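Descriptive analysis of the structure
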Amino acid sequence: MASPHVRSNGAAGPRPQLPAFCRSRRPVVMVTASSIANLRLLVLLGLVFQLSTLLLLIAGPVPPLLSPATVTNHFRPDPSSALNGPVTASPISDR
């Protein structure tokens, strides 16, 4: 079975043509120095985020907060409180 585009008598006939998407021109992409610099900044920003994540993983979990303990003040006793016993102070919470 012969191809429909080839003629046995050698007469010039219609030639096969490429599809339309092959014949259309592709858009030209311009690469500028500023676009390369912007890409470089994005890559550096990604590396900074990866490094910070790695450092957080290496540091490990944060220890739990300690409960406030009662502190006895032995350094400067108040003369008026000498009769009442030792002075206790608790730290002020920022909550």
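Treat the numbers as computed from the prediction; the structure is a model and nothing was measured. (Residues numbered from 1 in each chain as written. Predicted model: local features only at pLDDT ≥ 70, side-chain atom pairs only at ≥ 80, totals over all residues. Heavy atoms only, no water.)

**Some thoughts on the overall build of the protein**
Note the threshold: Numbering goes from the N terminus for both helices and strands, where a helix is a DSSP run of H or I of at least four residues and a strand is a run of E of at least two. Relative accessible area decides the class of each residue, using a 1.4 Å probe on protein chains only: under 20% of the type maximum gives buried, over 50% gives exposed, and in between gives partly exposed.
Within the protein one finds two helices and two strands. Counting across all 95 residues of the protein, residues that qualify as buried make up 1%.

**Focus on helix α2 (residues 33–59)**
Put simply, the rule is: Expected span of a helix, by definition, is 1.5 Å for each gap between consecutive residues, and there is one gap fewer than residues.
The terminal C-alpha atoms of α2, which comprises 27 residues, lie 39 Å apart, in line with the 39 Å expected from a rise of 1.5 Å per residue. Summarising burial for α2: zero of the 27 residues are buried, a small minority. Two residues or fewer past α2, Gly60 is found with a positive phi of approximately 85 degrees.

**A word on the confidence of the model for the protein**
Under the convention used in this document: Per-residue confidence from the predictor is reported as pLDDT, a score between 0 and 100.
In the predicted model, the protein carries a mean pLDDT of 76, and the fraction of residues at 70 or more is 60%. Between the elements of the protein, mean pLDDT differs from a low of 59, seen in strand β2 (residues 87–89), to a high of 95, seen in α2.

**What about a nonpolar patch on the surface?**
As a reminder, the rule being used: The patches described consist of residues with a relative accessible area above 30% and no salt bridge, like charges being joined within 9 Å and nonpolar side chains (Val, Leu, Ile, Met, Phe, Trp, Tyr) within 5 Å. Note that accessible areas follow from Shrake-Rupley with a 1.4 Å probe, and for residues the cover is restricted to the protein chains shown. What counts as a salt bridge is simple: a side-chain nitrogen of Lys or Arg found within 4 Å of a carboxyl oxygen of Asp or Glu.
Taken together, the side chains of Leu39, Leu41, Val43, Leu44 and Leu47 make up a nonpolar region of the molecular surface, amounting to roughly 480 Å² of accessible area. Residue placement: Leu39 occurs in helix α2. According to the relative accessible area criterion, Leu39 is exposed, its value standing at 53%.

**Observations regarding the environment of Ser34**
Considering the arrangement of structural elements, one finds Ser34 in helix α2. Residue class for Ser34 comes out partly exposed when judged on its relative accessible area of 47%.

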